[in-house]
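Architecture at a glance
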Amino acid sequence: MADEIEAIEARLLGHARRERGLIVQRFADDPTRLDRLRLKLCGIRFDFSRLDLDNEALGGLAALADAVDLRGAQARLAAGATLNVSEGRAATHMAERGVGDPALVAAATARDAGMLALAEKVRARGIGHVLQIGIGGSALGPSLLIDALGRDSDGPSVEIVSNVDGEALHRACARCDPAQTLLVIASKTFTTAETMTNAASALDWFAAAGVTPWKVAVTAAPEVARAWGADDVLAFPESVGGRYSLWSAVGLAFVLRCGADAWAALKAGAAEMDRHFMAAPWLGNAPVLAAMADLWAHRFLGQTVRGVFAYDERLRLLPSYLQQLEMESNGKRVTHDGQLVEGATAPVTWGATGTDAQHAVFQLLHQGTVVGPVELVAAREAAHGLAPGHHRQLLANCLAQGAALLSGRGHELPARTFPGNRPSSTILLDQLDARTLGALLAFYEQRTFAAAMMMRINPFDQWGVELGKALARDVLAGSLSGLDPSTAALFAEALPEAGAQPI
């Protein structure tokens with residue numbers, strides 16, 4: 001198998017190094033291109049036809065998917081097999097939305113019922129504010145959900161604090177009445193330094209107001225949470241990774257704000273995308289086709305960046321969410337069996353919201369020297385109730401950017417020339433609601449997983465986040481040995497009480 005994979009990758013690399021030609025010419029050369037590279041499912045249109053993909057590349061990438069046994073990896077994911085080999089764990093987030101091994105799904109359904117019962121109790125008590133503290137997946141996923149769907153919901157207002165910078169907690173507390181605030185601590189281990197520091201400061205804020213708060217813990221370490229003093233504990237298994245955890249009780253704040261029906265619709269949309277991912281042929285499979293395009297761009301064409309631009313204010317947090325999902329999952333340097341990888345793994349994911357970005361970074365996209373695929377995300381229907389011209393202008397800008405990146409425009413002055421031939425894709429939702437958002441997020445998860453399997457890396461660990469945090473703990477504990485001269489000097493200036501001395 002290894003020899004077959006090597007041979008396929010060598011052919012792909014050789015093809016990538018040949019003259020690529022113009023993307024737009026491929027529409028003329030292949031009248032079926034538009035039909036083959038556009039998919040519609042789950043209320044979402046995916047258009048990959050303006051990416052720098054051709055039939056030879058697609059055939060080679062499909063062969064690579066077969067050679068690495070992507071179909072077998074899908075089955076192992078659904079069955080709860082140990083795919084996170086460096087930590088000896090399964091990755092069971094699909095079960096949280098009702099897909100996969102029946103026993104795993106049944107256990108997830110029972111946990112979900114407990115979370116919904118607690119949410120109903122909180123709502124019935126008339127709580128006005130929810131202060132949720134967590135970091136990474138305990139914050140990015142819930143923040144995205146609530147920002148996208150929570151504007152007109154009837155539940156309590158929600159503040160999610162992740163940053164250990166006290167300014168973040170200070171601002172959140174200023175928007176809450178301590179007497180009407182539920183405190184939720186979301187932490188897989190219930191030992192994450194940033195989260196527990198913020199939790200302690202939040203308790204100080206409640207105490208200063210003479211309030212004993214209702215404390216809910218969402219964690220994979222329930223005994224640690226109870227010892228901390230949680231009044232209610234919602235558990236999820238260690239096999240649900242942080243960046244995949246919004247489908248578990250980590251989604252409590254979303255349920256409190258938006259209600260059980262929205263939660264059910266979110267999961268139903270995700271499950272629909274999961275079933276498509278598990279069954280569809282590679283070249284008709286939205287997550288797999290996107291993963292193939294990603295690999296082709298960064299692994300074979302050498303494009304090291306991927307931009308995501310949401311032409312919908314409700315999806316303004318999508319780029320941040322995807323940065324964790326894609327770069328923490330696939331930003332790896334070893335294969336799943338511990339060998340150094342050959343070639344690139346994850347590109348740098350970056351992005352912003354629609355027309356704001358046009359007036360900031362699109363100069364680089366159209367005329368700069370860094371080229372990489374651009375993903376444009378929009379919804380056909382608006383939800384703001386303003387004059388239709390608002391949304392028509394937004395969509396026109398979104399679609400025009402893809403056309404401009406592709407076609408470019410000549411000019412007698414070099415500074416006003418747009419070279420074009422720059423790859424982009426479009427993801428167009430019929431409307432942004434809980435079901436389509438669930439499907440969209442599951443699409444991104446499965447896309448990330450498929451890319452990881454095709455690169456033979458482990459997308460479910462994240463050892464790279466540990467070292468800097470460990471060094472910070474050592475310094476705060478008074479251990480300054482081994483610091484380089486620059487860092488030691490900075491500690492001496494910024495934290496003299498730590499006792500650091502310039503070397």
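Residues numbered from 1 in each chain as written. Predicted model: local features only at pLDDT ≥ 70, side-chain atom pairs only at ≥ 80, totals over all residues. Heavy atoms only, no water.

**A closer look at helix α10 (residues 193-208)**
In this model, α10 (16 residues) spans 23 Å end to end at C-alpha, consistent with the 22 Å of a helix rising 1.5 Å per residue. For α10, the complete set of buried residues consists of Glu-194, Thr-195, Met-196, Asn-198, Ala-199, Ala-202 and Phe-206. Elements that come into contact with the buried residues of α10 comprise β3 (129-133), β4 (157-161), α9 (166-174), β5 (181-186), α11 (222-228) and α20 (466-476). Two residues or fewer after α10 comes Gly-210, characterised by a positive phi angle close to 70 degrees. (Helix = DSSP H or I, 4+ residues; strand = E, 2+ residues; numbered from the N terminus. Expected span 1.5 Å × (residues − 1). Buried < 20%, exposed > 50% of the residue type's maximum accessible area, 1.4 Å probe, protein only. Contact = heavy atoms within 4.5 Å.)

**Let's talk about the sheet that holds β3**
The five strands are arranged β4-β3-β5-β6-β7 in an open sheet whose pairing can be described as parallel. Because the sheet does not close on itself, it has two edges, and the strands there are β4 and β7 (232-235). Averaged over all pairs of adjacent strands, the angle between strand axes in this sheet comes to 20 degrees, irrespective of strand direction. Most of the contacts of helix α7 (residues 102-124) go to β7, to which it runs at about 145 degrees, and overall it touches β5, β6 (214-219) and β7. (Pairing = 2+ DSSP bridges. Axes fitted to C-alpha atoms, helices over the stretch in contact; angles between N-to-C directions.)

**Re the packing of helix α15 (residues 318-330) against helix α19 (residues 434-455)**
Two elements in contact, α15 and α19, have axes whose closest approach is 10 Å; the angle formed by their N-to-C orientations is 25 degrees. Taken as axis vectors, α15 and α19 run roughly parallel relative to one another. When you trace α15 past α19, the crossing you get is right-handed. Taking contact as the criterion, the partners of Leu-318, Tyr-321, Leu-322, Leu-325, Glu-326, Ser-329 and Asn-330 in α15 are, on α19, Leu-441, Tyr-444, Glu-445, Thr-448, Ala-451, Ala-452 and Met-455. Residue composition of the contact of α15 with α19, grouped by class: nine nonpolar, three polar and two charged. (Parallel < 35°, antiparallel > 145°, perpendicular 65-115°, else oblique. Left-handed = near helix turned anticlockwise from the far one by under 90°. Nonpolar A, V, L, I, M, F, W, Y, C, P; charged D, E, K, R; others polar.)

**Description of the side chain of Gln-132**
Residue placement: Gln-132 occurs in strand β3. Accessibility expressed as a relative area gives 1% for Gln-132, which makes it buried. For Gln-132, the side chain forms a polar contact with the main-chain oxygen of Ser-138, separated by 3.2 Å. With sequence-adjacent residues up to four places away left out, Gln-132 is seen in contact with Ser-138, Pro-142, Glu-159, Ile-160, Val-161, Val-184, Ala-186, Val-250 and Ala-253. (Polar contact = N/O pair within 3.5 Å; in protein donor to acceptor, adjacent residues only side chain to side chain.)

**Remarks on the environment of Thr-181**
Secondary-structure assignment places Thr-181 in strand β5. Considered as a pair, Thr-181 and Ala-95 are 86 residues apart in the sequence and their alpha carbons are 31 Å apart. At 2.6 Å, the side chain of Thr-181 forms a polar contact with the backbone oxygen of Asp-177.

**Notes on helix α13 (residues 260-279)**
Here α13 is 20 residues long and its end C-alpha atoms lie 29 Å apart, about the 28 Å a rise of 1.5 Å per residue gives. What α13 keeps buried is the set Ala-262, Trp-263, Leu-266, Lys-267, Gly-269, Ala-270, Ala-271, Met-273, Asp-274, His-276 and Phe-277.

**Quick word on the pairing of β3**
Of all five residues in β3, five are buried, a share of seventy percent or more. Side chains His-129, Leu-131 and Ile-133 project from β3 onto one buried face, and the interleaved Val-130 and Gln-132 project onto a second face that is buried too. As paired strands, β3 and β4 are joined by five bridges and run parallel to one another. Residue Val-130 lies in a different strand from β4, and its bridge partner there is Val-158. You can see the chain leave β3, run along helix α8 (residues 137-149) and come back into β4, and the turn it takes is right-handed. Bridging between β3 and β5 involves five bridges; their strand directions are parallel. Bridge pairing in β5 links Gln-132 to Val-184. (Right-handed = clockwise from strand over helix to strand, strands pointing away.)

**A few points about the environment of Leu-118**
With respect to the helices, strands and loops of the structure, Leu-118 is situated in helix α7. Residues Leu-118 and Val-216, 98 residues apart in the sequence, show an inter-C-alpha distance of 9.5 Å. Aside from chain neighbours lying at most four places away, what touches Leu-118 is Trp-214, Val-216, Asp-232 and Leu-234.

**A word on the packing of α13 against α19**
Close contact between α13 and α19 brings their axes to 7 Å; oriented N to C, the two are set at 40 degrees. Taken as axis vectors, α13 and α19 run oblique relative to one another. In this structure, α13 crosses over α19, and the sense of that crossing is right-handed. Contacts between α13 and α19 pair Ala-262, Ala-265, Leu-266, Ala-268, Gly-269, Ala-270, Glu-272, Met-273, Asp-274 and Phe-277 from the former with Ala-434, Arg-435, Leu-437, Gly-438, Ala-439, Ala-442, Phe-443, Gln-446, Phe-449 and Ala-450 from the latter. Residues belonging to the contact of α13 with α19 are distributed by class as follows: 14 nonpolar, three polar and three charged.

**Digging into the side chain of Thr-335**
Counting through the fold element by element, Thr-335 comes out in the loop between α15 and β9 (348-353). The contacts of Thr-335, once residues within four sequence positions are left out, are Val-341, Arg-456 and Ile-457.

**Considering the sheet that holds β9**
Consider a sheet: its strands pair through backbone hydrogen bonds, and that pairing is either parallel or antiparallel. Read across the open sheet, the six strands follow the order β1-β2-β11-β10-β8-β9; overall the sheet is mixed. Only two strands of the sheet have a single partner each, and these edge strands are β1 (38-41) and β9. Neighbouring strand axes in the sheet, compared pairwise and without regard to direction, differ in orientation by 15 degrees on average. The pairing of strand β8 (residues 305-311) with strand β10 (residues 374-379) spans five bridges and is parallel. Directly across from Phe-309, in β10, lies its bridge partner Leu-376.

**Section: the pattern of salt bridges**
Inspection of every chain in the model, using the stated rule, returns 34 salt bridges. Among the ionic pairs, Glu-238 bridges to Arg-89, the shortest N-O distance being 3.4 Å. Placement of the pair is Glu-238 in the loop between β7 and α12 (252-258) and Arg-89 in the loop between α5 (70-79) and α6 (93-96), with a sequence separation of 149 residues. Given a relative accessible area of 44%, Glu-238 falls into the partly exposed group. (Salt bridge = Lys/Arg side-chain N within 4 Å of Asp/Glu carboxyl O.)

**Some words on the nonpolar core**
Proteins that are soluble and globular tend to have nonpolar side chains buried together. By size, the foremost hydrophobic cluster in this structure holds 110 residues, and its most contacted members are Leu-318, Leu-437, Phe-443 and Tyr-444. Broken down by element, this core gets its largest block of residues, 15 residues, from α19. Counting 17 residues, the second largest nonpolar core, distinct from the first, contains Val-161, Leu-183, Ala-202 and Val-211. (Core = buried A, V, L, I, M, F, W, Y, C linked by side-chain atoms within 4.5 Å.)

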